[in-house]
Amino acid sequence: MSFLRRFGPISVTYAVIAFLTRAYYLGDTLTYGNDILAFSRGYSDIPVNPFWEFGHLFWRPLGFLFYKLLSAVLPASLGLDDRLVCAIGLMGFSLICGWLAVTLFYALALQFTSSPVLSYVIALSLLCTNSFLNHMHAGHAYVPGVAFLTLGIWLMLQRGSVTLAWASGAALACSVLLWFPFILVVPAALLVGLLGTGAPARDRIRFVALATIACLCSGALGYAIGAVEANALSVPVLKAWFLASRHGILPNRNLPRTLFGLPRTFVFVSDDGVLFK
């Protein structure tokens, strides 16, 4: 009952907004479906298997798991296209992770502010940002990555056991395994654990050290599995595997990308950013 009283309002709000909105941009959702189906049917590119893309290492494997589960559950009489089944699995998981991220944001805000109203506004602000609202409906790894990152931070702020420290580090690693650029945020997340509680300094340092070890071990294990599965077993192929995740996008014009990309995170601007650039 306590859980319902605390998280009921923000959960109901999430359900209503999710029901009333949709994604205006699905991006690579169908591409992921094609890769999942190709893997399922025994096809792969040599020397690098696209199923284990470096940038979204565990996203397609997760989608493959959802595809198999849904194929076993959904009646054949529906006549659903296999790509649609893949998309349903990825998009459904993204919606669940969206709820988890918003709920955890509420819990974190409540921990720091002790105000249910202010915490609700903070969580609602995350939910209503343009990028979050769009991608929670799409079959992308971004919102699930945010959910695992937020889970890692929330676990880190709970004064608990060694198990919590390991779980926190593993959650942070999962966010990176879903979308590699989250590796840039992990040090800040660990810093929150170091400075964000009133526990004795020795306990905080020990907890964050264990979480860091767990994150490194989990991430290393994940990428070792990915490298083996992607046939990236030599330095040149490892480099090609890493560079392939850029999809031909060169690291140039970073300032214009930032100037127009940051506002687009919060507000829908359609194609106006392209016109301005």
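Residues numbered from 1 in each chain as written. Predicted model: local features only at pLDDT ≥ 70, side-chain atom pairs only at ≥ 80, totals over all residues. Heavy atoms only, no water.

Let's shift gears to helix H7 (residues 142–156). For H7, with 15 residues, the first-to-last C-alpha span of 21 Å sits near the 21 Å given by 1.5 Å per residue. Listed in full, the buried residues belonging to H7 are Val-143, Pro-144, Gly-145, Ala-147, Leu-149, Thr-150, Gly-152, Ile-153, Leu-155 and Met-156. Tucked inside the fold, the buried residues of H7 contact helix H3 (59–73), helix H4 (82–113), helix H6 (130–135), helix H8 (162–178), helix H9 (186–195) and helix H10 (201–229). (Helix = DSSP H or I, 4+ residues; strand = E, 2+ residues; numbered from the N terminus. Expected span 1.5 Å × (residues − 1). Buried < 20%, exposed > 50% of the residue type's maximum accessible area, 1.4 Å probe, protein only. Contact = heavy atoms within 4.5 Å.)

Our focus in this paragraph is the packing of H4 against helix H5 (residues 116–127). Interaxial distance between H4 and H5 falls to 8 Å at its minimum, and their mutual angle equals 145°. Here H4 and H5 pass one another in a crossing that is right-handed. Touching Ala-101, Val-102, Phe-105, Tyr-106, Ala-109, Leu-110 and Thr-113 of H4 are Pro-116, Leu-118, Ser-119, Tyr-120, Ile-122, Ala-123, Leu-126 and Leu-127, all from H5. Tallied by class, residues from the contact of H4 with H5 come to 13 nonpolar, two polar and no charged. (Axes fitted to C-alpha atoms, helices over the stretch in contact; angles between N-to-C directions. Left-handed = near helix turned anticlockwise from the far one by under 90°. Nonpolar A, V, L, I, M, F, W, Y, C, P; charged D, E, K, R; others polar.)

What follows concerns the pattern of salt bridges. For the structure on display, the rule yields three salt bridges. Linking Asp-35 and Arg-60 is a salt bridge whose minimum nitrogen-to-oxygen distance equals 2.8 Å. Of this pair, Asp-35 sits in helix H2 (residues 29–40) while Arg-60 sits in helix H3, and the two are 25 residues apart along the sequence. By relative accessible area, Arg-60 is classed as buried at 4%. Through salt bridges with shared partners, a single ionic network connects Asp-35, Glu-53 and Arg-60. (Salt bridge = Lys/Arg side-chain N within 4 Å of Asp/Glu carboxyl O.)

Attention now goes to the confidence of the model for the chain. Of all residues in the chain, 86% have pLDDT values of 70 or greater, and the mean over the chain is 87. Of all helices and strands in the chain, the one with the weakest mean pLDDT is helix H13 (residues 272–276) (59), whereas H7 scores best (96). (pLDDT = per-residue confidence, 0-100.)

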